[in-house]
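Spelled out, the chains give:
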Amino acid sequence: MKIEIEVKDGEIFVNSDKIDYIGRALIRVKHLIEKEVSTDKLDAIANKLCGGIEELKKRIAIYKQVFCYLCRKENIQLNYIGEYMDYESSTVCTAAKKIKGYIDINDKQTLKILEEYELS
């Protein structure tokens, strides 16, 4: 990951985006780093669950819901998961809650997918 910070003629630029003052520049850098770390975690979960994001997108809905649930368990922000899956944040939240409900009622299909994930 490459983050470029440049000060030119008294103006601050982060990855070519003009930033008004240093506090915002630091927040922007922090956000870029968090997003990169989250993307690495998202990739790892997708790979472990079913071999990557492209394979995940081909799977039935419950796998996508389990993915959202697992990502939320890792404290990945809703907006990062949503960007990764091309979902709205509310869809990610609903999917994660649905899987939590399935776990609570001991849904066999959900528990089987989670068990396979843990074993891989």
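Q: Summarise the overall build of the chain; cite the residues concerned and give the values.
A: Helix and strand counts for the chain stand at six helices and three strands. In the chain, the succession of α and β elements from N to C terminus is β-β-β-α-α-α-α-α-α. Overall, the C-alpha framework of the chain stretches about 60 × 25 × 20 Å when taken along its three principal axes. Within the chain, the proportion of its 120 residues that are buried is 34%. For the chain, long-range pairs separated by at least 24 residues make up 53% of all intrachain contacts whose partners lie at least 6 apart in sequence.

Q: I'd love a proper account of the side chain of S38, names of residues and values included.
A: Inspection of the secondary structure puts S38 in helix α1 (residues 22-50). In this view, S38 contacts I76 and Y80; residues no more than four positions away in its chain are not counted.

Q: Summarise the pattern of salt bridges; cite the residues concerned and give the values.
A: With the rule as written, the count across this model stands at 10 salt bridges. Note that E4 is salt-bridged to K2, the shortest N-O span being 3.2 Å. As a salt-bridge pair, K35 and E83 come within 2.8 Å of each other at their nearest N and O atoms. Highlighted residues: K35 in helix α1 and E83 in helix α4 (residues 78-85), separated in sequence by 48 residues.

Q: Account for helix α5 (residues 89-104), naming residues and giving values.
A: Along its 16 residues, α5 runs 23 Å from first to last C-alpha, staying within 8% of the 22 Å computed at 1.5 Å per residue. Within the span of α5, buried status applies to V92, A95, A96, I99 and I103. Buried residues of α5, viewed axially, fall in a sector of 95°; they line one side. Residues of α5 that are exposed and angled more than 90 degrees away from the buried face: S90, K97 and D104. Elements in contact with the buried residues of α5: α3 (61-73), α4 and α6 (108-119). Of the residues flanking the end of α5, it is N106, one or two places downstream, whose phi is positive at about 60°.

Q: So what about unusual backbone geometry? Which residues, and what values?
A: One non-glycine residue, D86, lies in the positive phi region at around 60°. Relative to the helices and strands, D86 resides in the loop between α4 and α5. By relative accessible area, D86 is classed as exposed at 61%. Within the chain, N106 stands out as a residue other than glycine whose phi angle is a positive 60°.

Q: I'd like a description of α4, backed by residues and values.
A: Looking only at α4, the buried set comprises Y80, I81, G82, Y84 and M85. Each element contacted by the buried residues of α4 is listed here: α1, α2 (53-58), α3 and α5. Positive phi shows up at D86, right after α4, with a value of about 60°.

Calculation rules
Residues numbered from 1 in each chain as written. Predicted model: local features only at pLDDT ≥ 70, side-chain atom pairs only at ≥ 80, totals over all residues. Heavy atoms only, no water. Helix = DSSP H or I, 4+ residues; strand = E, 2+ residues; numbered from the N terminus. Buried < 20%, exposed > 50% of the residue type's maximum accessible area, 1.4 Å probe, protein only. Contact = heavy atoms within 4.5 Å. Salt bridge = Lys/Arg side-chain N within 4 Å of Asp/Glu carboxyl O. Expected span 1.5 Å × (residues − 1). Arc of directions from axis to C-beta.

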